[in-house]
Amino acid sequence: MKRTLSLFLAALLALTLTACGQTAATPGENLCQVFLDLHQENPEADVLTLAEELLSHESIPFAGAVAQVEPGLLAGFGNTEITGFQSAATFGPVIGTIPFIGYLFQLDDPGAGAAFCQVLQDAADPQWNICTQADETIVRQDGDLVFFLMCPLDWAG
């Protein structure tokens, strides 16, 4: 009887550990999914409109701003010039002490998206904001658009 109970408890413990091993999506991954959903719902929307919709999402706990950007030196990428896009928008908090910065890029050539994403990933500086540091960087291409985000893991709550 003890042996059966011990085996049962061991099996139950193994199942419990397996179930707990799954990790929840981060706030940044969740916002990336919001971007993908918005882009799928309205594939003709421009980057400024999409960025404004992202900033107005219920998961964003801060007042934010959206601005159009031109190719060249962009906040968050150190001394690397970011080029290869026809339009782009940045979105983030009005308060500069929150380590959150996002970009949406509309590419000149969607076929060059993998190389463009790699440049963003390689140039990303999570400590671009002197006082704070982002915990995660997300880069995702969807058609001719690229979503880029650096943010803390606890920005949504």
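Please refer to the structure placed before this passage.
Quick summary incoming for the structure in this document.

Below, the discussion takes up the environment of Phe100. The residue Phe100 is located in the loop between strand 4 (85-93) and strand 5 (101-107) in this model. The spatial distance from the C-alpha of Phe100 to the C-alpha of Gly28 is 9.6 Å, given a sequence separation of 72 residues. Setting aside residues no more than four positions away along its own chain, Phe100 makes contact with Leu31, Ile60, Phe62, Phe91, Gly92, Pro93, Trp128, Leu149, Met150, Cys151, Pro152 and Trp155.

In spatial order, the strands read 1-4-5-7-6; together these 5 strands make up an open sheet with antiparallel pairing. The strands lining the two open edges of the sheet, one partner per strand, are strand 1 (64-69) and strand 6 (136-142). Ignoring strand direction, the axes of neighbouring strands in this sheet form an average angle of 15°. Pairing analysis gives 6 bridges linking strand 5 to strand 7 (residues 145-151), with the strands arranged antiparallel.

Before going further, it helps to spend a moment on helix 3 (residues 47-55). Among all positions of helix 3, only Val47, Leu50, Ala51, Leu54 and Leu55 are buried. Along the axis of helix 3, the buried positions cluster into a sector of 135°, meaning they face one direction only. Of the surrounding secondary structure, the elements contacted by the buried residues of helix 3 are helix 2 (27-41), strand 1, strand 4, strand 5 and strand 7. For helix 3, the N-terminal capping position is held by Asp46, with its side-chain oxygen 3.1 Å away from the main-chain nitrogen of Leu48.

Right, let's get into the side chain of Asn129. Within the secondary structure, Asn129 sits in the loop between helix 4 (113-123) and strand 6. If near-sequence neighbours (up to four positions away) are discounted, Asn129 is found in contact with Gly96, Thr97 and Ile98.

Pairs of aromatic rings are described using the distance from one ring centre to the other and the angle between the two planes. Per the stated rule, a full pass over the model turns up 11 aromatic pairs. Pairing Phe77 with Tyr103 gives two aromatic rings, centres 5.5 Å apart and planes at 40°, and the pair type is tilted. Of the two residues, Phe77 is situated in the loop between strand 2 (72-73) and strand 3 (81-82) and Tyr103 in strand 5; the sequence distance between them amounts to 26 residues. For Phe77, a relative accessible area of 1% puts it in the buried group. Taking relative accessible area as the criterion, Tyr103 reaches 2% and is therefore assigned buried. For the pair Phe91 and Phe147, a centre-to-centre distance of 6.4 Å together with 40° between the ring planes defines the contact as tilted. Taken together, the positions of Phe91 in strand 4 and Phe147 in strand 7 put the pair 56 residues apart, joining distant regions of the chain. Comparing Phe91 with Phe147 shows no difference in burial state: the two are buried. Clustering of aromatic rings is evident, with ring pairs tying together Phe77, Phe85, Tyr103, Phe105, Phe116 and Phe148.

Cut-offs used in this document
Residues numbered from 1 in each chain as written. Predicted model: local features only at pLDDT ≥ 70, side-chain atom pairs only at ≥ 80, totals over all residues. Heavy atoms only, no water. Helix = DSSP H or I, 4+ residues; strand = E, 2+ residues; numbered from the N terminus. Contact = heavy atoms within 4.5 Å. Pairing = 2+ DSSP bridges. Axes fitted to C-alpha atoms, helices over the stretch in contact; angles between N-to-C directions. Buried < 20%, exposed > 50% of the residue type's maximum accessible area, 1.4 Å probe, protein only. Arc of directions from axis to C-beta. Polar contact = N/O pair within 3.5 Å; in protein donor to acceptor, adjacent residues only side chain to side chain. Phe/Tyr/Trp six-rings, centres within 6.5 Å; stacked < 30°, edge-to-face > 60°.

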